[in-house]
Amino acid sequence: MHKLGESLQNYYLQGLAPSTQKTYKSAKVRYLAFCNKAITPPLPLSENVLCFYVSFLADEGLAHATIKSYLSACRHLHISYGYPEPHIGDMPRLAQIMKGIKSSQAKQGRQPKPRLPITPPILIQIKTLLEKQPNNFNNIMLWAAYTTCFFGFLRAGEICIPSDAGYDPGAHLSFSDIAVDNSLNPTLMQVRIKASKTDPFRQGVDIYLGRTYNNLCPVAAMMAYLSARGDANGPLFRFQDGKPLTRERLVGKLREALHCIGIRQDIYSGHSFRIGAATTAAQHGIPDATIQLLGRWESTAYLLYVKIDCNKLASITTTLSTPLK
């Protein structure tokens, strides 16, 4: 086997998001340990070995979705040693076994926990709750974060900081990443996302949100927050005590709010805003291609080359905030 040189190997790994690197690292260790115990060469990948491997993982109690990610790690390992694309998805026996694992786990009640969407009616209820303390800095901040996340089709990790000491101005959302068309009466807001899970090279992307002039308006929410926050450096979203809005805190505060308004909170996550935006857009009849562009789904990356006027993108904010008939 010929492994990539140390420098090349490092660049190869940097093509993955940090969270994916961590998952793949543990998955590769487990695969190599399995092959060592089975006294079989780990590479090049063999359909026969992979069939036994996924069966072993299922017997160990790993969920179908986790096993799929472990297979992706195997593919990554295979390519890192200079072998050609293994086309794991075209292995018929492996595919049938994976299907069997999924079916078996479903019968055993091992279905993945659902992540329900945060929808406009839920957002309205949360807003009503937060407004019970109208001048509370943290509530103003959270409302701006929630609406930006929803109307921007954003992942929680794209607006949050990973930890209290993990802020990186070159990657994370900052005050300078927000721009409006008119400082006195803005109708269009631009949010610069400098890095994300599917953008490891930090090319960045601009999200355009429009003013809705109704109860659900990300532009008004952001302007109210920035007025309270000021233009100091550091993470865009942070609590009054200076602590940044991490994913854990965002989800925690969201679930607190859901509990207060009588909604089961454990089936909602930071991803629920993104799911809710896509669901609401589909219900309003927004074309699939536009939804995929707005959400920057990797499976249709070519859509990023489609040129749509920023004002047209911003107009979708009003569409999403309009109650369904």
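All values reported here derive from a predicted model rather than from experimental measurement.

Rules and cut-offs
- Each chain has its residues counted from 1, following the order in which its sequence is written.
- Local features in this predicted model are restricted to residues whose pLDDT is 70 or higher, and side-chain atom pairs enter the listing and the counts only when it is 80 or higher, whereas totals over whole chains, interfaces and linings include all residues.
- Derived side-chain values reflect all non-hydrogen atoms in the structure, with water molecules and hydrogen atoms excluded from consideration.
- Each helix is a run of H or I in the DSSP string that is no shorter than four residues. Each strand is a run of E no shorter than two, and both are numbered from the N terminus.
- Each residue is placed in one exposure class: buried if its accessible area under a 1.4 Å probe, protein chains only, is under 20% of its type's maximum, exposed if it is over 50%, and partly exposed if it falls in between.
- The contact rule is simple, with two residues in contact once any of their heavy atoms fall within 4.5 Å.
- The Shrake-Rupley method, run with a 1.4 Å probe sphere, supplies the accessible areas, and residue values consider only the shown protein chains as cover.
- At least two bridges found by DSSP between two strands is the condition for calling them paired.
- The axes are straight lines fitted to the C-alpha atoms, using for helices just the contacting stretch, and the angles between their N-to-C directions are given from 0 to 180°.
- Aromatic pairing here means that ring centres of Phe, Tyr or Trp (its six-membered ring) are within 6.5 Å. Orientation follows from the plane angle: under 30 degrees is stacked, over 60 is edge-to-face, and everything else is tilted.
- Per-residue confidence from the predictor is given as pLDDT, running between 0 and 100.
- What sets the label is the angle itself: under 35 degrees gives roughly parallel, over 145 gives roughly antiparallel, 65 to 115 gives roughly perpendicular, and the rest give oblique.
- Residues were grouped as follows: Ala, Val, Leu, Ile, Met, Phe, Trp, Tyr, Cys and Pro as nonpolar; Asp, Glu, Lys and Arg as charged; and all remaining residues, including Gly, as polar.
- Only a pair of cysteine sulfur atoms within 2.5 Å counts as a disulfide in this structure description.
- Definition used for salt bridges: Asp or Glu carboxyl oxygen within 4 Å of a side-chain nitrogen of Lys or Arg.
- The nonpolar core is taken to be a set of buried Ala, Val, Leu, Ile, Met, Phe, Trp, Tyr and Cys residues, with the residues joined through side-chain atoms within 4.5 Å.

> I would appreciate a short explanation of the overall build of the chain in the present structure.
Summing up its helical and strand segments, the chain has 13 helices and three strands in all. Buried residues in the chain amount to 42% of all 325 residues. For the chain, contacts bridging at least 24 residues in sequence account for 64% of all contacts bridging at least 6. Surface summary for the chain: the accessible area is close to 17400 Å², and the carbon and sulfur share equals 54%.

> So what exactly am I meant to see when it comes to the pairing of strand S2 (residues 188-193) here?
The pairing of strand S1 (residues 178-180) with S2 spans three bridges and is antiparallel. Bridging from a neighbouring strand, Ala-179 pairs with Gln-190 of S2. For S2 and strand S3 (residues 205-210), the ladder comprises six bridges, and the chain directions are antiparallel. Bridge pairing in S3 links Leu-188 to Gly-210.

> Looking at this structure, how should I read the sheet that holds S3?
Each strand in a sheet pairs with its neighbour through backbone hydrogen bonds, running either in the same direction (parallel) or in the opposite one (antiparallel). Read across the sheet, three strands follow the order S1-S2-S3 without closing on themselves; strand pairing throughout is antiparallel. Strands at the two margins of the open sheet, each flanked by one partner only, are S1 and S3. Here the average twist between neighbouring strands, direction ignored, is 25 degrees.

> I keep staring at the packing of aromatic side chains and nothing clicks. Help me out?
Here the distance between the centres and the angle between the planes together describe a pair of aromatic rings. Evaluated as defined, the whole model comprises seven aromatic pairs. With 4.9 Å between their ring centres and 90 degrees between their planes, Phe-150 and Phe-151 make a pair best called edge-to-face. A residue is classified by how much of its surface remains accessible, and Phe-151, at 4% relative accessible area, is buried. A centroid spacing of 5.7 Å and a plane angle of 25 degrees characterise the contact between Tyr-225 and Phe-237, whose relative ring orientation is stacked. Here Tyr-225, found in helix H9 (residues 218-229), pairs with Phe-237, found in the loop between H9 and helix H10 (247-260); they are twelve residues apart in sequence, far enough to count as distant. An identical accessibility class is assigned to Tyr-225 and Phe-237; each is buried. Ring pairing ties together the aromatic residues Tyr-31, Phe-34, Tyr-53 and Phe-56, which thus form one cluster.

> What should I look at first to understand the confidence of the model for the chain in this one?
In low-pLDDT segments, the atomic positions of the prediction should not be examined closely. Mean pLDDT over the chain works out to 87, with 88% of the residues at or above the 70 mark. Predicted confidence for residues 300-306 stays below pLDDT 50, and this span has six contacts to residues more than four positions away or in other chains.

> Please clarify how the packing of helix H6 (residues 120-130) against helix H7 (residues 137-151) should be interpreted in this entry.
Helix-helix packing is described using two parameters, namely the angle between the two axes and the distance between the axes. Running from N to C, H6 and H7 cross one another at 170 degrees; their axes reach a closest spacing of 10 Å. The angle between H6 and H7 places the two elements in the roughly antiparallel class. Of the residues in H7, those in contact with Pro-120, Leu-123, Ile-126, Lys-127 and Leu-130 of H6 are Asn-139, Trp-143, Tyr-146 and Phe-150. Per-class residue counts for the contact of H6 with H7 are seven nonpolar, one polar and one charged.

> When you look at the state of the cysteines in this model, what are you seeing that I'm missing?
Each disulfide is one covalent bond, formed between the sulfur atoms of two cysteines. In this structure the tally under the stated criterion is zero disulfides. Here Cys-35 is not cross-linked by a disulfide; its sulfur's nearest cysteine counterpart is in Cys-74, at 7.5 Å.

> Looking at this structure, how should I read the pattern of salt bridges?
Applying the stated rule across the entire model yields ten salt bridges. Note that Asp-266 and Arg-264 form a salt bridge whose closest N and O atoms lie 2.6 Å from each other. Within this structure, Arg-155, Glu-158 and Arg-296 form a network of salt bridges that share partners.

> How should I be thinking about the nonpolar core in this particular structure?
The nonpolar side chains of soluble globular proteins are, as a tendency, buried together. If you look at the biggest cluster of nonpolar residues, it comprises 56 residues, and the most contacted ones within it are Ile-126, Tyr-146, Ile-159, Tyr-225, Phe-237, Leu-245 and Phe-273. For this core, the element with the most residues is H7, which contributes ten residues. Once residues lying within four places of it in the same chain are set aside, the contact partners of Ile-159 are Ala-145, Cys-149, Leu-154, Leu-173, Phe-237 and Leu-250. In terms of nonpolar packing, the next biggest core, distinct from the first, is built from 27 residues, Tyr-31, Val-49, Cys-51 and Leu-71 among them.

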